[in-house]
Amino acid sequence: MPTAQLAVTLPEETWIADLSTRFPAATFRVLAALPAEETGVGLVEITAPDLNDVLSRLTEATGVRVFEVLHRGEDRALVQFETDDPLLLLSIRNSRAPFEPPITIVDGVADLEITASHDRLSSLSEQLRTFGLEFDVRAVRTSMDPDSVVSDNQRELIETAVERGYYDTPRRCTLTELADYLGIAKSTASERLHRAEGAIIRAFVSGDDG
């Protein structure tokens, strides 16, 4: 299943975009968030050298219904908030694509990671555009479930080959040594490796997890 890393540019009129652009040295890490019908509640960790100024501005922010400082240090605070501007949360909710916290926001740009099917990632992109959110795809990777790609024997062989240095450069283990270690014929080891490597490469190229 693909995992996409997105950089979402938040609209200037939203409170967190305004706050993070006013204080570009600050980092906002949304640790948890829950969208309601028209609002959103969440937990954000704010790290800033001018933390007093950030929190003071937060009290005046349009779009923040209520917030509570749960913990505070010299340059770090944990804040629970409720907002009228949960555009990013609503986009994720409407696409039914689960995000992986934290969402990190710096200078008006939110970095987040989404693992979902291609259809739901496509739906998320549509939802982001619907809410007027511009975004860049920074990376896409595909995770594979080894149990669904290779057999138990192939998996054991691959894992042992990695552990003993067969895939190192230069190799620390020959095919003959690997076969002897596992107590199988060299031809059997070669065939299993070839089949396992082929299955893994095909799954990687196709983006299929089995």
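Residues numbered from 1 in each chain as written. Predicted model: local features only at pLDDT ≥ 70, side-chain atom pairs only at ≥ 80, totals over all residues. Heavy atoms only, no water.

Draft legend 1. Up close: the overall build of the protein. Assigned secondary structure in the protein consists of eight helices and eight strands. For 210 residues, the compact-globule estimate of 2.2 N^0.38 gives 17 Å, and the protein exceeds it by more than 25% at 24 Å. With respect to the principal axes defined by its C-alpha atoms, the protein has extents near 75 × 40 × 25 Å. Going through the 210 residues of the protein one by one, you find that 38% of them count as buried. Total accessible area on the protein is roughly 12,000 Å²; 48% of this is exposed by carbon and sulfur atoms. (Helix = DSSP H or I, 4+ residues; strand = E, 2+ residues; numbered from the N terminus. Rg over C-alpha atoms; globule rule 2.2 N^0.38 Å. Buried < 20%, exposed > 50% of the residue type's maximum accessible area, 1.4 Å probe, protein only. Areas by Shrake-Rupley, 256 points an atom, 1.4 Å probe, with all protein chains shown as cover.)

Draft legend 2. Main features of the pattern of salt bridges. Within this structure, the stated rule accounts for eleven salt bridges. Across the pair Arg57 and Asp18 runs a salt bridge whose closest N-O atoms are separated by 3.9 Å. Taken together, the residues span a long stretch of sequence, with Arg57 in helix H2 (residues 51–59) and Asp18 in helix H1 (residues 15–22) at a distance of 39 residues. The class of Arg57 is partly exposed, set by a relative accessible area of 28%. (Salt bridge = Lys/Arg side-chain N within 4 Å of Asp/Glu carboxyl O.)

Draft legend 3. Summary view of the nonpolar core. If you look at the biggest cluster of nonpolar residues, it comprises 38 residues, and the most contacted ones within it are Val8, Phe28, Ile46, Leu58, Leu88, Ile103 and Ile114. Look past the residues within four positions of Ile103 in its chain and what remains in contact with it is Phe28, Arg29, Val30, Leu88, Ile92, Ala110, Asp111 and Leu112. Ala161, Leu175, Leu178 and Ala179 belong to the second largest nonpolar core, which has 13 residues in total. (Core = buried A, V, L, I, M, F, W, Y, C linked by side-chain atoms within 4.5 Å. Contact = heavy atoms within 4.5 Å.)

Draft legend 4. Highlighting the packing of aromatic side chains. Counted according to the given criterion, the structure contains two aromatic pairs. Ring centres of Tyr166 and Tyr167 lie 5.1 Å apart, and the angle between their planes is 85°; this geometry places the pair in the edge-to-face category. Across from the ring centre of Tyr166, 3.9 Å away, lies the NZ or CZ of Arg171, which sits over that ring. (Phe/Tyr/Trp six-rings, centres within 6.5 Å; stacked < 30°, edge-to-face > 60°. Lys NZ or Arg CZ within 6 Å of the ring centre and 35° of its normal.)

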